[in-house]
Amino acid sequence: MPSTYSDIQRAVSREKFQIWFAWLCGWIIMLLIEDATKDVHIVSVITQTLLVVLGILSTVAAVTMTNRLNRKAAAARKDVLDDL
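What you see is a predicted model, and the numbers here were worked out from it, not measured in a lab.

## A look at the overall build of the protein
Now for step 1: Per the secondary structure count, the protein includes 2 helices and 0 strands.
Now for step 2: Taking 84 residues into account, the globule formula puts the C-alpha radius of gyration at 12 Å, and the protein, at 19 Å, lies well above it.
Now for step 3: Taken across its 84 residues, the protein has 17% of its residues classed as buried.
Now for step 4: Long-range pairs, those at least 24 residues apart, make up 78% of the contacts in the protein between residues at least 6 apart in sequence.
Now for step 5: Accessible surface computed for the protein: about 6,400 Å², of which carbon and sulfur atoms make up 69%.
Now for step 6: Between the centroid of the 9 positive side chains of the protein and the centroid of its 8 negative side chains there is a distance of 5 Å.

## Digging into the environment of Thr49
Now for step 1: Its location among the elements puts Thr49 in helix α2 (residues 41-83).
Now for step 2: Residue Thr49 is classed as partly exposed on the basis of its relative accessible area, which comes to 48%.

## A short note on the side chain of Thr66
Now for step 1: With respect to the helices and strands, Thr66 occurs in helix α2.
Now for step 2: The exposure class of Thr66 is buried, given its relative accessible area of 11%.
Now for step 3: Residue contacts for Thr66: discarding those within four places in its chain leaves Lys16, Ile19 and Trp20.

Cut-offs used in this document
Residues numbered from 1 in each chain as written. Predicted model: local features only at pLDDT ≥ 70, side-chain atom pairs only at ≥ 80, totals over all residues. Heavy atoms only, no water. Helix = DSSP H or I, 4+ residues; strand = E, 2+ residues; numbered from the N terminus. Rg over C-alpha atoms; globule rule 2.2 N^0.38 Å. Buried < 20%, exposed > 50% of the residue type's maximum accessible area, 1.4 Å probe, protein only. Contact = heavy atoms within 4.5 Å. Areas by Shrake-Rupley, 256 points an atom, 1.4 Å probe, with all protein chains shown as cover. Lys, Arg positive; Asp, Glu negative; His and termini not counted. Charge placed at Lys NZ, Arg CZ, Asp CG, Glu CD.

Here it is, written out as structure tokens:
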């Protein structure tokens, strides 16, 4: 069955939602971990440092995944619309 423009648009929206929902869940988990370790000083410092690094990496990964998805979707849309 050939893809339509709306099928591609729905699939891209769903994938973007999944990417950013996972990113948000990860941040919530990281904040809960940080809150749980705030009373132990050295563990809190190490945890905060790791969470900042992991937070930056997860944000870069989510943005990269979204950009790649946008490029693939643009190519697929072009193919679908050129076939019309």
